[in-house]
Amino acid sequence: HKIVFDPRYLLLASKERKQVFDKYVRERAEEEKKEKKAKAKANREGFRALLEEKNVTHRTSWSEFSRENAKDERFKAIDKNRDKESLFSEYQSEIRKKEREEKDEKRRVTKKGFKELLTETEGIDRHSHWSDIKKVIEKDERYLAIESSGQRQDWFDDYVQELKDEHKREKEKKRDRSTRSRSRSRGRKRSRSRSRSKSKKSSKDKKKKKDKDKDRSRSRDKKKKEKREKEEGEMTGDEDGEINGG
């Protein structure tokens, strides 16, 4: 009823008007959705810029921040207080995470520098004491970079323990090499002993076989001799009988 008297209304038939109208409404709704999303994003970015501008940290309270910035347009651009506080908390979480990462990185660099200092310092071994080494390195920048005296000693103790562990590993390696060497030596001796034993056994077996062969040969000779003597005796008896009979 708002556009029925416009000349452009009559350019299309009734069915076509409805189709074009529905299409326009859908397109416009999509555009409004995008515009609303873009506006919400711009409002969040403005609110974040306000947080950065006011140097908000993880210690800043929400009540304090909202009271001091209630009249700022960037603060009012977010409609719901719940959304404002949620963005505030998210920003503080990011700050805490960033500070923790920076602290960890600083600690890593400081520890690395301190260990390099200990490595470069002559006279430090697994028997060293902190009270003696402290006097030698206390003016070095890498020593001063560590704020806590207790932390310095803890890292020194860790370094000395590493030296002790390394010495222990080297000692075990030498013992293992010595054990393997003795084992190989015993193996060679057993091998030679078995070889000599086999050689002796072989000689004994040969001698035993030879003796057996000799015994068998003597036995055969003896039997032959006895048989021959027996035959000769029988022949002699026959001759004596013939003589006596004659």
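About the cut-offs
- Residues numbered from 1 in each chain as written.
- Predicted model: local features only at pLDDT ≥ 70, side-chain atom pairs only at ≥ 80, totals over all residues.
- Heavy atoms only, no water.
- Patch = residues over 30% accessible without salt bridge, like charges linked within 9 Å, V, L, I, M, F, W, Y side chains within 5 Å.
- Areas by Shrake-Rupley, 256 points an atom, 1.4 Å probe, with all protein chains shown as cover.
- Salt bridge = Lys/Arg side-chain N within 4 Å of Asp/Glu carboxyl O.
- Lys, Arg positive; Asp, Glu negative; His and termini not counted.
- Charge placed at Lys NZ, Arg CZ, Asp CG, Glu CD.
- Helix = DSSP H or I, 4+ residues; strand = E, 2+ residues; numbered from the N terminus.
- Buried < 20%, exposed > 50% of the residue type's maximum accessible area, 1.4 Å probe, protein only.
- Phe/Tyr/Trp six-rings, centres within 6.5 Å; stacked < 30°, edge-to-face > 60°.
- Lys NZ or Arg CZ within 6 Å of the ring centre and 35° of its normal.
- Expected span 1.5 Å × (residues − 1).
- Contact = heavy atoms within 4.5 Å.

Turning our attention to a negative patch on the surface. Together, Glu 99, Glu 101, Glu 102 and Asp 104 make up a negatively charged patch on the protein surface. Counting through the fold element by element, Glu 102 comes out in helix α4 (residues 81-120). Classification of Glu 102 as partly exposed rests on a relative accessible area of 47%.

So, on to the pattern of salt bridges. Applying the stated criterion across every chain yields a total of 15 salt bridges. Taking the shortest distance from any N to any O, the salt bridge between Arg 48 and Glu 94 comes out at 2.7 Å. Of this pair, Arg 48 sits in helix α1 (residues 14-53) while Glu 94 is found in helix α4, placing the two residues 46 residues apart along the sequence. In this structure Arg 48 comes out as partly exposed when scored by relative accessible area, which is 34%. Judged by relative accessible area, Glu 94 falls into the partly exposed class, the value being 41%. Note that Asp 140 is salt-bridged to Arg 142, the shortest N-O span being 3.1 Å. Asp 140 gets classed as partly exposed once you look at its relative accessible area, which sits at 23%. On the basis of relative accessible area, Arg 142 is assigned to the partly exposed category, the value being 26%.

Here the focus is the packing of aromatic side chains. Applying the stated criterion across every chain, the model contains eleven aromatic pairs. Seen in terms of ring centroids, Trp 62 and Phe 75 are 6.1 Å apart; in terms of plane orientation they differ by 25 degrees. Their pairing is stacked. A residue pair is termed long-range when its members are at least 10 positions apart, and Trp 62 in helix α2 (residues 62-68) and Phe 75 in helix α3 (residues 73-76) qualify at 13 residues. For the pair Trp 62 and Phe 75, a shared accessibility class is recorded, and that class is buried. Among the aromatic residues, those joined into a cluster by ring pairs are Phe 47, Trp 62, Phe 65, Phe 75 and Phe 88. Over the ring of Tyr 9 we find Arg 17, and its NZ or CZ is 4.2 Å from the ring centre. If you follow Arg 152 out to its NZ or CZ, it ends over the ring of Tyr 143, 4.2 Å from the centre.

Right, let's get into α1. Across its 40 residues, α1 extends 58 Å between first and last C-alpha, which sits within 8% of the 58 Å expected from 1.5 Å per residue. Of the positions making up α1, those classed as buried are Gly 46, Phe 47, Leu 50 and Leu 51. Packing partners of the buried residues in α1 comprise α2, α3 and α4. A positive phi of about 55 degrees marks Asn 55, the residue just after α1.

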